[in-house]
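Fold and geometry: a report
One letter stands for each residue in the lines below.
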Amino acid sequence: MGQALSDAARLQPLEGRTPAIATLCSHSSLQIFHGARAEGLSPIGICVGPPQRFYDAFPLAKPDRFLSVPKVADLPTLVAPLREAGAILVPHGSFVEYLGPEKFAALDVPVFGNRAVLGWESDRRKERDWLESAGVPMPDRYEDESEVDGPVIVKYYGAKGGKGFFLAKNREALADFTPTGPYVIQEYVLGTRYYMHFFYSPITDGGYRCGSGSLELLGMDRRDEANIDELYKLGAQEELLKAGLRPTFVVTGNVPVILRESLLPKAFDVAARIVERSIELFGGMVGPFCVEGIMTEDLEFKVFEVSTRIVAGTNLFISGSPYSDLKEPGLSTGRRIAREVKHARATGRLAEVLS
Ligand code: AMP
């Protein structure tokens, strides 16, 4: 994706030294810094504007140092100091969104995971091709409004946090919809949402085999989404509309959940398919990813999104989750990332987990 250096040249600053772990001070940075520190890797905080004081309140998650720039557009100027520091960048939702997937992917600093995945995740059509060709069940998509035969959700390209989503109970209700940009119309799936935090390691032996390595489940959450999650109190979407409120899915927090144990095979099967297809399509998705879907009353799991990096829901589990505790007590996704870097370095396989 337009990066100037070859993979080998980009990883060159890491030769013969213990890497540092750097990320943007936002989203899941406390967890990432905490995990790096716990594994003996120096955390570096990247910030826009002066460092936030709240890191002083969390000594176990405070970066050893901060690199700051006045505005987001200046972030690429940090490439030289980051290379000098032997830093590995850990992408998270805010980091990639603020900078834009193309600009992020063009940074000549080693990135944890496969940067090629960002181009697949940020384009809803490409993401759908990936998931459908992996045999993953997804909500139906309607090419034309005349095909709509039930409730639908209309999503604009690139809409984040559900802002700009439009819900229609049926085809007639779609008449109220005036598009302001490119969009897709999807079946509105009724059921329970689950956001499953997986980790794929191509260099780990044992465990649940997948691709050339192992697939791990580290946690699960559900997102609190304002103001749609309040619908049940008002009774129906119309009530929100009557109150002059358009339903949105803006995330305001996360709650921990666990899945019925008998549904775990389904969860692993879907996640493994996504990983295996990613290997065929673009050399594989490495590290944390989140499978986001809805379990229907028929116990069918329909995936509406895959986030191909650490998600903020993992912040619930900085001291472990009901799943990660069964692998290693107290293991967070942030710590798992640092552990992967250390393991890859010790076995001379850094090139397989970095890009
Ligand atoms: P997304 O931007 O695709 O992650 O969707 C944002 C939110 O919209 C999700 O967290 C769900 O609450 C909701 N959502 C997305 N797609 C669907 C769907 N097909 N059916 C029902 N709810 C959905």
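So, here is what we can say about the structure in this document. Residue positions within a chain follow its written sequence, with the count starting from 1. A pLDDT threshold of at least 70 governs which residues receive local features in this predicted model, and a stricter bar of 80 or more applies before side-chain atom pairs are shown or counted, although totals over entire chains, interfaces and linings include all residues. Only heavy atoms go into the side-chain values, all of them from the structure, while hydrogens and water stay out.

Moving on, we get to the environment of Val-270. Secondary structure follows DSSP: runs of H or I at least 4 residues long count as helices, runs of E at least 2 residues long count as strands, and numbering of each begins at the N terminus. Tracing the backbone through its elements, the reader meets Val-270 in helix H10 (residues 264-282). In this structure Val-270 touches Val-136, Pro-137, Val-291, Phe-301 and Val-303, once residues within four positions along its chain are discounted. Note on definitions: a residue-residue contact is assigned when non-hydrogen atoms from the two residues lie within 4.5 Å.

Given 3.6 residues to a turn, an α-helix orients residues that are three or four positions apart in the same direction. For helix H11 (residues 333-346), which comprises 14 residues, the first-to-last C-alpha distance of 20 Å matches the rise-based estimate of 20 Å (1.5 Å per residue) to within 8%. Burial classification: accessible surface area is computed with a 1.4 Å probe over protein chains only, and a residue below 20% of its type maximum counts as buried, one above 50% as exposed, and the rest as partly exposed. Listing the buried residues of H11 in full gives Thr-333, Gly-334, Arg-336, Ile-337, Ala-338, Glu-340, Val-341 and Ala-344. Here a polar contact is recorded for every N or O atom pair within 3.5 Å, except that within protein the pair must consist of a potential hydrogen donor and a potential acceptor, and residues adjacent in sequence are included only if both atoms are side-chain atoms. If you check the start of H11, you find a side-chain oxygen 3.3 Å away from the backbone N of Gly-334, and it comes from Ser-332. Positive backbone phi, at 65 degrees, marks Gly-348, one or two positions downstream of H11. Multiply 1.5 Å by the residue count of a helix minus one, and that product is the helix's expected span.

With that out of the way, let us pick up the site of the ligand. Nearness is defined per residue: one heavy atom within 4 Å of the molecule or strand is enough. Contacts to the ligand come from 16 residues, most closely from Gln-186, Glu-187, Val-189, Tyr-195 and Glu-225. One of the side-chain nitrogen or oxygen atoms of Lys-155 is found 2.9 Å away from an oxygen atom of the ligand. Glu-187 places a polar main-chain atom, nitrogen or oxygen, 2.9 Å from a nitrogen atom of the ligand. For every accessible area listed, the method is Shrake-Rupley and the probe measures 1.4 Å; residues are considered covered only by the protein chains on display. Within the complex, 96% of the 480 Å² of free accessible area of the ligand lies under protein. Of all elements in the fold, only strand S6 (152-156), strand S8 (183-187), strand S9 (192-201) and strand S14 (301-307) reach the threshold of two or more residues within the shell around the ligand. The residue inventory of the shell around the ligand, partitioned by class, reads nine nonpolar, one polar and six charged. Classification used: nonpolar for Ala, Val, Leu, Ile, Met, Phe, Trp, Tyr, Cys and Pro, charged for Asp, Glu, Lys and Arg, polar for all others including Gly.

Backbone-to-backbone hydrogen bonds join strands into a sheet, with any given pair of strands oriented parallel or antiparallel. The pairing criterion for strands is at least two bridges between them, as found by DSSP. The four strands are arranged S3-S2-S1-S4 in an open sheet whose pairing can be described as parallel. In this open sheet, the two edge strands, each paired with only one partner strand, are strand S3 (65-69) and strand S4 (87-89). Shown here is a sheet whose adjacent strand axes are inclined to one another by a mean of 30 degrees, direction ignored. Of the strand pairs in this sheet, strand S1 (residues 20-24) and strand S2 (residues 43-48) are connected by four bridges, and their pairing is parallel. If you follow Leu-24 over to S2, its bridge partner there is Ile-46. Note on method: axes are straight lines fitted to C-alpha atoms, helices fitted across the in-contact stretch only, with angles between N-to-C directions ranging 0 to 180 degrees.

By definition here, a salt bridge exists when the distance from a side-chain nitrogen of Lys or Arg to a carboxyl oxygen of Asp or Glu is within 4 Å. Taken as a whole and assessed by the stated rule, the structure comprises 20 salt bridges. Arg-128 is paired through a salt bridge with Glu-132; the nearest N and O atoms lie 3.2 Å apart. In this pair, Arg-128 and Glu-132 both sit in helix H7 (residues 124-133), four residues apart, roughly one turn of the helix. Under the relative-accessibility criterion, Arg-128 is labelled buried at 8%. Residue Glu-132 is classed as partly exposed on the basis of its relative accessible area, which comes to 44%. Residue Glu-328 is joined to Arg-339 by a salt bridge in which the shortest nitrogen-to-oxygen separation is 2.8 Å. Of the two residues, Glu-328 sits in the loop between S14 and H11 while Arg-339 sits in helix H11, which places them eleven residues apart along the sequence. Residue classification places Glu-328 among the partly exposed residues on the basis of a relative accessible area of 24%. Judged by relative accessible area, Arg-339 falls into the partly exposed class, the value being 24%. Each of Glu-39, Glu-328, Arg-335, Arg-339 and Lys-342 takes part in one network of salt bridges that share partners.

With that settled, consider the pairing of S9. Summarising burial for S9: nine of the ten residues are buried, a large majority. As judged from the nine bridges shared by S9 and strand S13 (residues 287-295), these two strands associate in the antiparallel manner. Paired with Thr-192 across the two strands is Met-295, which belongs to S13.

Another aspect to go through is the packing of aromatic side chains. Pairing of aromatic rings covers Phe, Tyr and Trp, the last through its six-membered ring, and needs centres within 6.5 Å; plane angles under 30 degrees mean stacked, over 60 mean edge-to-face, and all others mean tilted. Scanning the model with the defined rule gives 17 aromatic pairs in all. Ring geometry for Phe-165 against Phe-249: centres 5.9 Å apart, planes inclined by 50 degrees, an arrangement best described as tilted. Of the two residues, Phe-165 is situated in the loop between S6 and strand S7 (166-168) and Phe-249 in strand S12 (residues 249-256); the sequence distance between them amounts to 84 residues. The same class applies to Phe-165 and to Phe-249, which are both buried. Linked through ring pairs, Phe-33, Phe-54, Tyr-55, Phe-58 and Phe-66 together constitute an aromatic cluster.

Ordered by their spatial adjacency, four strands build an open sheet running S5-S8-S6-S7, and the pairing between neighbours is antiparallel. Two strands lie at the open edges of the sheet, namely strand S5 (141-142) and S7, each paired on one side alone. Pairing analysis gives five bridges linking S6 to S8, with the strands arranged antiparallel. Across the sheet, Val-154 pairs through a bridge with Ile-185, a residue of S8.

So, about the packing of helix H2 (residues 29-38) against H11. The description of two packed helices rests on the angle between their axes and on the distance between the axes. At a closest axis distance of 7 Å, the pairing of H2 and H11 adopts a crossing angle of 45 degrees. Judged by the inter-axis angle, H2 sits oblique to H11. Every pair of crossing elements has a handedness; the one defined by H2 and H11 is right-handed. Taken together, the residues of H11 that come into contact with H2 (itself represented by Gln-31, Ile-32, Gly-35, Ala-36 and Ala-38) are Thr-333, Gly-334, Arg-335 and Ala-338. Within the contact of H2 with H11, the residues separate by chemical class into four nonpolar, four polar and one charged. Orientation labels follow simple angle bins: below 35 degrees gives roughly parallel, above 145 gives roughly antiparallel, 65 to 115 gives roughly perpendicular, and whatever is left gives oblique. In this scheme, a crossing is called left-handed if the near helix is turned counterclockwise away from the far one by less than a right angle; it is called right-handed if the turn is clockwise.

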